[in-house]
Amino acid sequence: MKQLYFICNLHSGRASVGSHLAMIVDRFTAAGFQVTVHPTQKRGDATICAKEACDAGCYEILVCSGGDGTLNEVIQGCMASETPCPIGYIPFGSTNDFARGLGIPKDPEAAVDCIINGKPMRCDIGSFNDKYFTYVAAFGALTEISYQTSQQFKNVLGHAAYILNAISKLPKIRSCRMHIEHDGGVIEDEFLYGMVTNSSSVAKFLALSDVRWDDGLFEVTLIHKPSNLIEFHQLIAAFSKIQLGLAKQYLHYFRTSHLTVTNLDDEPVSWTIDGEYGGTERVNQIVNNHQAISFCVDPACREQAEEAPDSGFAVVMPPPEEMNSQELPQKPRLAEGNEL
C-alpha cells in the first residue's frame, strides 16, 4: 500500500480543515493510500514534520492542507531534506495565490481528487537569504498587510480583509531607495513597492500574464515613486479602479533568475515572504531554485486556470514584450549601459 503523510493546519482560513478531515482521509484511503495524519501544533511545526517525512524515505507523497503560510512551512522542510517528497496541496486559506495559479480547486473534495488523479509537476522554488518561498517575496507599500491582518478578520471577511486593512495604511506609505542587481543589469531608484514572484497573482492586488512555474525565472515588478502629489493620486486612482492606465508609467517589469536587493535608506525595510514576515536585512539575495519541488497537479485543472486566470482586484500586467518596449519614466531609472 502506498504511504501518504498528511500535515493539516486545523485553524487556517474560513473553512475549518477539521470538518473535512474524515472525507479527506476516506478518499485517500479508497484510492489505495495508507494515511498518516499530523495536525500542526504550533508555528514551525509543519517544517519539522515535512523534513522528517521526506528524510524517512517511505512516503510516496506529502500532502498539506491550510493556507499559503502552512504551505510555506512545508516547503522549508522539503527543501531542507536531501530527498524531498512530491507535494499535494489542499488549500484552506483566505487567499491561496499559489493554488489558484496551479489550478488547484478551492473545493476540498475536488482538491483531493486533483491530488489522486494528478501528475507530478516540477516547480521553481525561490530562496530568500536563508529562507524559501513558493510565490512571492516583496517589500514596500502594503507588504505588511498580509501578516498584520488578523486571522479572525481574514476568516470572517476573506480577501476583503486585506483590502480594508490596505486602505487604512495608505496615508503612511513611504518609498524605499533600493539598489537592485539582476541578470539584465542594475537599477537604483526610489520604489513604493517591489515584488519577486513565481505566481500569476499576489493577494489579487496584481495579476501577471504569461507566467511559468518551471522556467527558472522570477517575474519582478517594481512600482517607482511618483515625482509629485498629483502623480501619486493618479497612481492610487489607477490601482483602485483596477486599470493599468496611468499606473503604466510607474511600473518596471522584467524576468531574472536571481537578484540582489540592497536597501540604501537608513530606516529598515520590511519584507514579506509568502504572506509572512520576512525580516529587515539590508542586503537580500534572492535565487530561483529551478524545478526544485514537484507538486501533484491535475493537467486539466491547470490548463483551465491558464485559460481563465482570476484577476479579481488585480491590475493585469501587459505581456513582457509590451513592457520592454514602453518608455520608462522621464526620471532616469537604470544605471548607464543597462537598459532593458
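Scroll up for the structure.
Only a predicted model underlies this, so the values are computations on that prediction, with no experimental measurement involved.

S.K.: Now, about the overall build of the chain: what can you tell me, with residues and values included?
M.R.: A tally of helices and strands in the chain yields 11 helices and 18 strands. Within the chain, buried positions represent 53% of all 340 residues. Accessible surface, the chain: about 15100 Å² in total, of which carbon and sulfur atoms supply 52%.

S.K.: For the packing of aromatic side chains, give the residues involved together with the corresponding values.
M.R.: Counted according to the given criterion, the structure contains six aromatic pairs. With a centroid separation of 5.6 Å and an interplanar angle of 20°, the aromatic rings of Phe133 and Phe218 are classed as stacked. Highlighted residues: Phe133 in strand S6 (residues 131-133) and Phe218 in strand S12 (residues 218-224), separated in sequence by 85 residues. Judged by its relative accessible area of 0%, Phe133 is buried. Aromatic rings pair up to connect Phe128, Phe139 and Trp271 into one cluster.

S.K.: I'd like a description of the packing of helix H2 (residues 45-56) against helix H3 (residues 68-79), backed by residues and values.
M.R.: Each packed pair of helices is defined by two parameters, the angle between the axes and the distance between the axes. Close contact between H2 and H3 brings their axes to 7 Å; oriented N to C, the two are set at 40°. One element, H2, and the other, H3, form an angle in the oblique class. Two packed elements cross with a definite hand, and for H2 against H3 that hand is right-handed. Across the interface between the two elements, Asp45, Ala46, Thr47, Ala50, Lys51 and Cys54 from H2 touch Thr70, Glu73, Val74, Gln76, Gly77 and Cys78 from H3.

S.K.: Before we move on, can you summarise unusual backbone geometry with the specific residues and values?
M.R.: Even without being glycine, Asn129 reaches a positive phi, approximately 55°. By the element assignment, Asn129 lies in the loop between strand S5 (119-128) and S6. With relative accessibility at 31%, the residue Asn129 sits in the partly exposed group. A positive phi angle is found at Gln291, which is not glycine, with a value near 50°. Along the chain, Gln291 turns up in strand S17 (residues 283-297).

S.K.: Any chance you could break down the nonpolar core for me, citing the residues and the numbers?
M.R.: Counting 56 residues, the largest nonpolar core has Phe28, Leu62, Ile90 and Phe295 as the members making the most contacts within it. Apart from the residues within four sequence positions on either side, Ile90 is in contact with Phe6, Ile24, Phe28, Val63, Cys64, Ser65, Gly66, Pro108, Ala111, Val112 and Ile115. Counting residues in hydrophobic clusters, the runner-up holds 20 residues, among them Met178, Ile180, Val196 and Val269.

Cut-offs and rules
Residues numbered from 1 in each chain as written. Predicted model: local features only at pLDDT ≥ 70, side-chain atom pairs only at ≥ 80, totals over all residues. Heavy atoms only, no water. Helix = DSSP H or I, 4+ residues; strand = E, 2+ residues; numbered from the N terminus. Buried < 20%, exposed > 50% of the residue type's maximum accessible area, 1.4 Å probe, protein only. Areas by Shrake-Rupley, 256 points an atom, 1.4 Å probe, with all protein chains shown as cover. Phe/Tyr/Trp six-rings, centres within 6.5 Å; stacked < 30°, edge-to-face > 60°. Axes fitted to C-alpha atoms, helices over the stretch in contact; angles between N-to-C directions. Parallel < 35°, antiparallel > 145°, perpendicular 65-115°, else oblique. Left-handed = near helix turned anticlockwise from the far one by under 90°. Contact = heavy atoms within 4.5 Å. Core = buried A, V, L, I, M, F, W, Y, C linked by side-chain atoms within 4.5 Å.

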